[in-house]
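Next come the chains, spelled out residue by residue.
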Amino acid sequence: MTENQSTDSTQRAFIAAIDQGTTSSRCIIFDKDGRTVGVDQKEHEQIFPKPGWVEHDAVEIWNNVQEVVDGAVRQAGISTDDVKAIGITNQRETTVLWDKNTGEPVHNALVWQDTRTDALCKELGRNVGQDRFRRETGLPLASYFAGPKIRWLLDNVEGLRERAARGEILFGTMDSWVIWNLTGGVDGGVHVTDVTNASRTMLMNLHELDWDERICASMDIPMEVLPEIKSSAEVYGTAASGALAGIPVASALGDQQAALFGQTCFATGEGKSTYGTGTFLLMNTGSEPINSYNGLLTTVGYRIGDQDPVYALEGSIAVTGSLVQWMRDQMGLISTAAEIETLASSVEDNGGTYFVPAFSGLFAPYWRPDARGVITGLTRYVTKAHLARAVLEATAWQTREIVDAMTKDSGVELTALKVDGGMTSNNLLMQNISDVLDTPVVRPMVSETTCLGAAYAAGLAVGFWPDTDALRANWRRAAEWTPRMDAAVRDREYKNWLKAVERTMGWIEEEN
Amino acid sequence: MARSIQSLERAAAVLRLLAGGERRLGLSDIASALGLAKGTAHGLLRTLQQEGFVEQDEISGRYQLGAELLRLGNSYLDVHELRARALVWSDDLARASGEAVYIGVLHQQGVLVVHHVFRPDDSRQVLEIGAMQPLHSTAMGKVLAAWDPVAHSELLEAPREAFTTRTATEPPELEAGLELTRERGWACDVEESWEGVASVAAPIFDRRRMPVGAVGIAGAVERLCDAGEIRPALVASVRDCARSVSRDLGARRF
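Criteria and thresholds
- Residues numbered from 1 in each chain as written.
- Chains lettered and ligands numbered in written order.
- Predicted model: local features only at pLDDT ≥ 70, side-chain atom pairs only at ≥ 80, totals over all residues.
- Heavy atoms only, no water.
- Helix = DSSP H or I, 4+ residues; strand = E, 2+ residues; numbered from the N terminus.
- Rg over C-alpha atoms; globule rule 2.2 N^0.38 Å.
- Buried < 20%, exposed > 50% of the residue type's maximum accessible area, 1.4 Å probe, protein only.
- Contact = heavy atoms within 4.5 Å.
- Areas by Shrake-Rupley, 256 points an atom, 1.4 Å probe, with all protein chains shown as cover.
- Lys, Arg positive; Asp, Glu negative; His and termini not counted.
- Charge placed at Lys NZ, Arg CZ, Asp CG, Glu CD.
- Pairing = 2+ DSSP bridges.
- Axes fitted to C-alpha atoms, helices over the stretch in contact; angles between N-to-C directions.
- Domains from an automatic or database assignment.
- 1 Å grid on protein atoms, 1.4 Å probe; cavity = no way out; pocket = protein on both sides within 12 Å on 5 of 7 lines; lining within 4 Å.
- Points joined across faces, edges and corners; volume = space filled by probe spheres on them.
- Nonpolar A, V, L, I, M, F, W, Y, C, P; charged D, E, K, R; others polar.
- Buried area = accessible area lost by both parts, 1.4 Å probe.
- Salt bridge = Lys/Arg side-chain N within 4 Å of Asp/Glu carboxyl O.
- Parallel < 35°, antiparallel > 145°, perpendicular 65-115°, else oblique.
- Polar contact = N/O pair within 3.5 Å; in protein donor to acceptor, adjacent residues only side chain to side chain.
- pLDDT = per-residue confidence, 0-100.

Q: Got a minute to help me understand the overall build of chain A in this structure?
A: A count of helical and extended segments in chain A gives 17 helices and 23 strands. Scaling as 2.2 N^0.38, a compact globule of 512 residues should have a C-alpha radius of gyration of about 24 Å, and chain A matches this with 23 Å. Principal-axis analysis of the C-alpha atoms gives chain A an extent of 70 × 70 × 40 Å. For chain A, buried positions account for 61% of its 512 residues. If you take every contact in chain A between residues at least 6 apart in sequence, the share linking residues at least 24 apart comes to 71%. On chain A, roughly 20,000 Å² of surface is accessible, and the fraction owed to carbon and sulfur atoms is 47%. Here chain A carries 45 positive and 69 negative side-chain charges, and the mean point of each set is 5 Å from the other.

Set out below in structure tokens:
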């Protein structure tokens, strides 16, 4: 009995992870083995004031975060003292400015998808173009990133620039906003961000991991509004109220970086790919940032306390799961997303067809906005089943192109691809990805890798887990696909795919 | 020609009439078109309505074809849909039990493995999706044969190999096993298919309580069994998982 009680008390120790995402906020409570013991989730409103504009109400988000934290703790049936740390992961780049004396946001948050800064980004590129700040920040000038969004708010919210100059205004991505409120807000809240989130502002120098004065001056952003940049895993402060009052807030990571961490990609060459509507692939490239000449982003993967930072290359694919949805909703060839596999499995191969879904141009590694989608190789022989196969292969080949670009930039060969996201239930697709990469594809047993990454980082910071080896020991393989494709077939098919990609380019003529 | 059942013929005529166009029809239209008394037509329509084959518009009182009729032609569950719905629950089962998890459906005269989660111990394992298992000796096979009449007849027709000394191959013994399976809601296989391997499985039902598949765990008999019996905690985990997947497919509590 006494023995039982002692195991029980060691097991009554948990980490809470807050995932402030694009459509909802979630809180998951994890035990030491990385198992979920409580979860709560709440969606927030998507505000579309104009075409291309996307906003969130930061106050609603903070209220939801408080609710889901309380909800998850209640559902887990644990007490405050059982929680050893709070970790945070968040939608990246979404930008909010608020008054530090009242805690009121000065405007809705500008969401990463918001394209209102397109023109501003072109202007900021001056004669150099979109790579003007790439060497320092690892990023091209694009509307996703936070810096230009800050500038837009300063230019467009009346009196804001003056208030900022008087030191009344604070900037944050959603990690900063949540941490500031969680640690007391107007009553002593800490104004910090972590290196991964800071690396998406276009204002941080990747080598120094500090705000870049020259870039801030070029964008006309007063440095007083910027938070202090911390590591991804250290105690920033303690929660001031709610179900977790008094518990240390000990990690922050952008969502894709959190997934990289949750997938325990701690060694150079380890990468993860999250297959959803679109796909985000990140590869650990070690302790030096690697410039990309192939259209990838250079970003901070994570930094644990005062250890060396770990950098990553990032490539995203705009259309993957959404192509399956397109086959279902626009083409009506299938009635559920899962049926794509049934249809595709009814034939041996693609029948000579290739589908390049460049619906809004080609992204990494081509960056060709003039491209549009094509289906090539059509003959009388081709059926909808061949098309279904081409749809799945499109995701596999696009993954291959990103991986090839990563290898070219870094000289690092991907050792294995760890996958997560909804499309991992598609067995044929996972096998196909392994075949075209000629690399094992591995699915972990935990689907919540993003939250788990935040929990892991927070747990490391407070000594809940001793080191990354302990986290690796937690990682469980649920499935593994190994390459089965003949090398000659792979080479021929890749050549055909690249030919199909060529056919997409130049479809949209230059304006005027 | 064998004698036919008049009320079924009439019901079929009602359905054909309603399928004839986009329009909805009132009771008297239907009765006169088919040359039936109003009372007879009403009785037919009420029964068809109960079965979901016909729906009545609340405001006009007119009749049209029901949604159940559409589902009838589209009834089988896509196995990839089954896997997508079962993914989270089967991961949980693997973690809770420490064993490999399988989901199987009837295919020809055996069990087709449509989903497989590795045993969570970091050992080298090979994905067995697409493999076939026998109906008469595995836990998943017995579950399918116990609840799905098609699987049951396949079981009786298929050749039944004695894989081990414990494999039951003769119908009386098999039927007794299926009876026990139905009674307790799960099936087991203790070294009946492979020496040293035991498995336990439970049925997955869809929203019409049709048995669409089986979920189970398989592993070393030393880990799964205690004195020759499957450990109760493992049975509970497997049944919890089967219930969760069934609930996700719309099956009501059972």
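Q: Got a minute to help me understand the sheet that holds strand 13 (residues 233–238) of chain A in this structure?
A: In sheet architecture, strand pairing relies on hydrogen bonds along the backbone and comes in two forms, parallel and antiparallel. All names here are of chain A. Spatially, 3-2-1-5-14-13 is the arrangement adopted by the 6 strands of the open sheet, whose pairing is mixed. This sheet does not close on itself; its edge strands, each paired only once, are strand 3 (36–43) and strand 13. Looking at each pair of strands side by side, their axes are set apart by 25° on average, direction ignored. The sheet contact formed by strand 5 (residues 83–90) and strand 14 (residues 248–254) spans 5 bridges and is parallel. Within strand 14, the position partnered with Thr89 by the bridge is Leu253. Together, strand 5 and strand 14 form the strand contacts of helix 10 (residues 255–262), whose direction differs from that of strand 14 by roughly 105°.

Q: Would you mind showing me how to read the domain arrangement of chain B here?
A: Where the parts come together, the accessible area they lose is often given as the size of the interface. Assigned domains of chain B: these are domain 1 (6–65) and domain 2 (71–248). One C-alpha centre belongs to domain 1 of chain B, the other to domain 2 of chain B, and the line joining them spans 43 Å.

Q: Hey, could you run me through empty space enclosed by the protein in this one?
A: If a probe as big as a water molecule is rolled over the atoms, it shows which places are left empty. Under the counting rule described, the total for this entry stands at 4 cavities of 30 Å³ or more. Taken together, 18 residues form the lining of the largest cavity, with Ile317, Gly361, Leu362, Phe363 and Gln398 of chain A sitting closest to its centre. Among the elements of the structure, strand 18 (310–317), helix 13 (384–410) and helix 17 (487–504) of chain A are those that each provide at least two residues to the lining of the largest cavity. There is about 50 Å³ of room inside the second largest cavity. At the level of secondary structure, the elements contributing two or more residues to the lining of the second largest cavity comprise strand 23 (477–481) of chain A together with helix 5 (79–97) and strand 4 (110–117) of chain B. Taken together, the residues of the lining of the second largest cavity break down into 5 nonpolar, 5 polar and 2 charged.

Q: What exactly am I supposed to notice about the environment of Met202 of chain A here?
A: Residues and elements named next belong to chain A. With respect to the secondary-structure elements, Met202 resides in the loop between helix 8 (195–198) and strand 10 (204–205). For Met202 and Ser434, which are 232 residues apart along the polypeptide, the C-alpha to C-alpha distance reads 34 Å. Residue contacts for Met202: discarding those within four places in its chain leaves Phe133, Thr137, Leu139, Pro140, Leu141, Phe145, Ile215 and Met219.

Q: I would appreciate a short explanation of the interface of chain A and chain B in the present structure.
A: At the interface, 26 residues of chain A touch 22 residues of chain B. Taken over both partners, the interface formed by chain A and chain B buries close to 2,000 Å², and the fraction arising from carbon and sulfur atoms is 48%. The largest share of the area that chain A buries against chain B comes from Ser425, Met445 and Arg477 of chain A, three residues that together contribute 30% of it. Counting every contact that joins chain A to chain B gives 3 salt bridges. A salt bridge links Asp91 of chain B to Arg443 of chain A; its shortest N-O distance comes to 2.9 Å. A class-by-class count of the residues in the side of chain A that touches chain B yields 8 nonpolar, 10 polar and 8 charged.

Q: Help me understand the packing of helix 1 (residues 6–19) of chain B against helix 3 (residues 38–50) of chain B in this model?
A: Two quantities define a packed helix pair, namely the angle between the axes and the distance from one axis to the other. Residues and elements named next belong to chain B. One can describe the packing of helix 1 onto helix 3 by two numbers: an axis separation of 10 Å at closest approach and a directional angle of 80°. In terms of orientation, helix 1 and helix 3 fall into the roughly perpendicular class. Here helix 1 contributes Ser7, Arg10, Ala11, Val14 and Leu15 to the contact with helix 3, which in turn contributes Thr40, Leu44, Leu45 and Leu48. Split by residue class, the contact of helix 1 with helix 3 holds 6 nonpolar, 2 polar and 1 charged.

Q: Please explain the sheet that holds strand 7 (residues 197–205) of chain B as it appears in this structure.
A: Residue and element names in this part refer to chain B. Taking strand neighbours across the sheet as the criterion, the 6 strands line up as 5-4-3-8-7-6 in an open arrangement whose pairing is antiparallel. Each of the sheet's edge strands pairs with one partner strand only, and the pair in question is strand 5 (132–134) and strand 6 (187–190). Strand-to-strand twist across the sheet, computed as the mean angle between neighbouring axes with direction ignored, equals 30°. As defined by bridge partners, strand 3 (residues 100–107) adjoins strand 4 across 7 bridges and the pair is classed as antiparallel. Note that in strand 4 the partner of Ile103 across the bridge is His115. Docked against the sheet, helix 10 (residues 232–248) engages strand 7 and strand 8 (211–220), running at close to 30° with respect to strand 7.

Q: What am I meant to see in the side chain of Ser232 of chain A here?
A: Residue and element names in this part refer to chain A. Relative to the helices and strands, Ser232 resides in the loop between strand 12 (228–230) and strand 13. At a separation of 3.0 Å, a polar atom in the side chain of Ser232 contacts the side chain of Asp194. Not counting residues within four places of it along the chain, the set of residues in contact with Ser232 comprises Asp194, Val195, Thr196, Ala250, Ser251, Ala252, Leu253, Tyr302, Arg303 and Ala457.

Q: Is there a simple way to think about the confidence of the model for chain B in this case?
A: Detail in the predicted coordinates should be disregarded across regions flagged by low pLDDT. Taken residue by residue, chain B gives an average pLDDT of 89. The fraction at 70 or more is 94%. As a predicted assembly, this complex carries a pTM of 0.81 together with an ipTM value of 0.74.

Q: Help me understand the pattern of salt bridges in this model?
A: Two side chains that carry opposite charge are able to pair once their charged atoms sit near each other. Residue and element names in this part refer to chain A. Here the structure, examined in full by the defined rule, presents 40 salt bridges over all chains. Arg492 is the partner of Glu493 in a salt bridge, and the nearest nitrogen-oxygen pair spans 3.2 Å. Here Glu493 falls in the buried class, since its relative accessible area comes to 10%. Owing to a relative accessible area of 47%, Arg492 belongs among the partly exposed residues under this scheme.

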